[in-house]
Amino acid sequence: MPQNTPPRPICGHCDGFPTVTITTGTRTPNGQRQTITAHCPACRGTGHTTTARAHTRIGA
């Protein structure tokens, strides 16, 4: 029987669009636009949030 993996929640900071390309306004020597790529810092470019993990304390 196949196991279903529940869908991970979409990142609320980027709404599932984790990577964007931004034009700098300059052009390369061959005439193309110069661009940079930016990743969402909250989800680190995955588009999904991670579930909260339980932290256990070792020792007292």
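For the structure itself, look to the data block above.
Residues numbered from 1 in each chain as written. Predicted model: local features only at pLDDT ≥ 70, side-chain atom pairs only at ≥ 80, totals over all residues. Heavy atoms only, no water.

**Here's the deal with unusual backbone geometry**
For step 1, the next point in the chain: With phi around 55 degrees, Asp15 is a residue other than glycine that occupies positive phi space.
For step 2, the next point in the chain: For Asp15, the location among the structural elements is in the segment before strand S1 (19-27).
For step 3, the next point in the chain: Judged by relative accessible area, Asp15 falls into the exposed class, the value being 56%.
For step 4, the next point in the chain: Phi at Arg44 is positive, roughly 60 degrees, even though this residue is not glycine. (Helix = DSSP H or I, 4+ residues; strand = E, 2+ residues; numbered from the N terminus. Buried < 20%, exposed > 50% of the residue type's maximum accessible area, 1.4 Å probe, protein only.)

**With respect to the pairing of S1**
For step 1, the next point in the chain: As defined by bridge partners, S1 adjoins strand S2 (residues 33-39) across 6 bridges and the pair is classed as antiparallel. The partner of Thr23 across the bridge, within S2, is Thr35.
For step 2, the next point in the chain: Linking two consecutive strands that pair antiparallel, namely S1 and S2, is a turn of 5 residues; a positive phi of about 100 degrees is found at Gly31 within it. (Pairing = 2+ DSSP bridges.)

**Quick word on the environment of Cys14**
For step 1, the next point in the chain: You can see Cys14 is positioned in the segment before S1.
For step 2, the next point in the chain: For Cys14, a relative accessible area of 13% corresponds to the buried category.
For step 3, the next point in the chain: Along the primary structure Cys14 and Gly45 are separated by 31 residues, whereas in three dimensions their C-alpha atoms are 9.2 Å apart.
For step 4, the next point in the chain: Sequence-distant contacts of Cys14, defined by excluding residues within four places in its chain, comprise Cys40, Cys43 and Gly47. (Contact = heavy atoms within 4.5 Å.)

Any functional reading would require information that these geometric values do not contain.
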